[in-house]
Amino acid sequence: PDFRTSSRMEDAKAKPAGTPGTEGKAPEFRFGVIADVQYADVGDGVASGEHRWWRKSLHNLAKAVEHWNTETPDIRFIVQLGDLLDGKNARMEQAALERVLKELNKCKCKEIHHVMGNHDFYNFERNILYSLFFADKKNGGKQELPLSHRLYYSFCPSPGWKVISLDTYDISVTGRATTSAEYKEAKSIIEKNNPNVFSQTKRDWFMGITQDKMRFVPFNGAIGEEQLQWLQSELDNCKRDKQRVIVIMHVPVAPEAAGHATVVWNNTEVMKVLHKSEWVKMVLSGHSHPGGYAFVQGCHHVTIEGVITHSNGAYGVVEVFRDHIKVLGNTGGVQDR
């Protein structure tokens, strides 16, 4: 059965939980998920209209690890959807990263897949992030390792499934040298669509900007042509091999699941590639701290709530069945879906 026909996370034809024939059915695999920890050793406060718990986020990360270790010790892997550190860590980034990784590495599950967010690039250069989170991945030969100039990759967690991780800051003014082609292309895109950003007089990026242009700000980015071609090739291979797909990325692509100010610049082009494939079952992202969900053109788009704006934490477990997927949250943080 194919659950793309249902606007729910479960297949429209699947029996409700607890009915005869469904109880006790085990998922094909499950994995932990967390987004936007944004740790910094500073007290809580307000930023961008949100209350943020910078110092407490480390404690909430530890809560997530304890939950995965004790409640779901059979998780296959963990997806960290970006922004482990906050931009407030200027000149303290190495010490802050060591504290965060010390907690994360207490996971009994040692297979952790990282996605890079804008705050990661505020703290470290792209090549350093590559060496920290990508260069040493072995993963039993199951993962296609990214080249040093790119931070996108794929891996096969279970027979019949592939996870595709995208780099949403491929074309960006964040994390790219100002002399690079990617930075110059990104600046041109912003200037064309949102002249406020590089204005010498306007301080508010969104002043007078229409809803359809709100995404063109530096904390978002675009997926470049080379990456789009790679994505299409990956999806073609999945069709050939009959592999269902989960896509992970920091910046969402569907405004319905995140809002118009926190989506990829070329989201229309990216969604066109994703939605024309019947094998893409879910797109999982972070970045938009309130979280969200949308069923768009047969695809489930789930935005995971950010740890940084949830005082009691936000983390979850994703259970993947043959005909449906469940997102199981905790203590009011990540919503069950």
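Residues numbered from 1 in each chain as written. Predicted model: local features only at pLDDT ≥ 70, side-chain atom pairs only at ≥ 80, totals over all residues. Heavy atoms only, no water.

1. A few points about the sheet that holds strand E5 (residues 112–114)
The strands that make up a sheet are held in pairs by hydrogen bonds between backbone atoms, and each pair lies either parallel or antiparallel.
No. 1: One open sheet accounts for five strands, arranged E5-E4-E1-E13-E14; its pairing is mixed. Pairing within the sheet leaves two strands with one partner each, and these edge strands are E5 and strand E14 (325–328). The sheet shows a mean angle of 25° between the axes of neighbouring strands, taken without regard to direction.
No. 2: Sheet analysis places strand E13 (residues 316–320) next to E14, joined by four bridges and oriented antiparallel. Paired with Glu 319 across the bridge in E14 is Lys 326.
No. 3: Across the sheet, helix H1 (residues 56–71) lies against strand E1 (29–34), strand E4 (77–80) and E13, angled at about 170° from E1, the strand it touches most. (Pairing = 2+ DSSP bridges. Helix = DSSP H or I, 4+ residues; strand = E, 2+ residues; numbered from the N terminus. Axes fitted to C-alpha atoms, helices over the stretch in contact; angles between N-to-C directions. Contact = heavy atoms within 4.5 Å.)

2. Regarding the pattern of salt bridges
No. 1: Tallied over the full model, the rule gives 13 salt bridges.
No. 2: Residue Arg 244 is joined to Glu 28 by a salt bridge in which the shortest nitrogen-to-oxygen separation is 3.6 Å. Of this pair, Arg 244 sits in strand E9 (residues 244–249) while Glu 28 sits in the segment before E1, and the two are 216 residues apart along the sequence.
No. 3: Classification of Glu 28 as partly exposed rests on a relative accessible area of 28%. (Salt bridge = Lys/Arg side-chain N within 4 Å of Asp/Glu carboxyl O. Buried < 20%, exposed > 50% of the residue type's maximum accessible area, 1.4 Å probe, protein only.)

3. Observations regarding the pairing of strand E7 (residues 153–158)
No. 1: Within E7, five of the six residues are buried, which leaves the element mostly enclosed by the surrounding structure.
No. 2: Here E7 runs beside strand E8 (residues 161–165); their pairing, made up of four bridges, is antiparallel. Each bridged residue has a counterpart across the sheet, and for Ser 158 the counterpart in E8 is Trp 161.
No. 3: In this antiparallel pair of consecutive strands, E7 and E8, the connection spans two residues, and Gly 160 shows a positive phi of 85°.

4. Some details on the packing of helix H6 (residues 225–241) against helix H7 (residues 267–275)
The angle between the axes and the distance between the axes are what describe a pair of packed helices.
No. 1: Running from amino to carboxyl end, H6 crosses H7 at an angle of 10°, the nearest separation of the two axes being 10 Å. Between H6 and H7, the angle is such that the two are roughly parallel. Between H6 and H7 the crossing geometry is right-handed. Residues Leu 228, Leu 231, Gln 232 and Leu 235 of H6 lie in contact with H7, whose contacting residues are Val 270, Val 273 and Leu 274.
No. 2: Classifying every residue of the contact of H6 with H7 gives six nonpolar, one polar and no charged. (Parallel < 35°, antiparallel > 145°, perpendicular 65-115°, else oblique. Left-handed = near helix turned anticlockwise from the far one by under 90°. Nonpolar A, V, L, I, M, F, W, Y, C, P; charged D, E, K, R; others polar.)

5. Comments concerning unusual backbone geometry
One can expect most non-glycine residues to show negative phi and most peptide bonds to be in trans.
No. 1: One non-glycine residue, Gln 38, lies in positive phi territory at about 50°.
No. 2: With respect to the helices and strands, the residue Gln 38 is situated in the loop between E1 and strand E2 (45–47).
No. 3: For Gln 38, a relative accessible area of 0% puts it in the buried group.

6. Quick word on helix H2 (residues 93–104)
No. 1: With twelve residues, H2 extends 16 Å from end C-alpha to end C-alpha; this agrees with the ideal 16 Å at 1.5 Å per step.
No. 2: For H2, the complete set of buried residues consists of Ala 96, Leu 97, Val 100, Leu 101, Glu 103 and Leu 104. Taken end-on, H2 shows its buried residues confined to a sector of 155°, consistent with a single buried face.
No. 3: Looking at the buried residues of H2, the elements they touch are H1, E5 and helix H4 (126–133). (Expected span 1.5 Å × (residues − 1). Arc of directions from axis to C-beta.)

On their own, these measurements won't tell you what the molecule is for.
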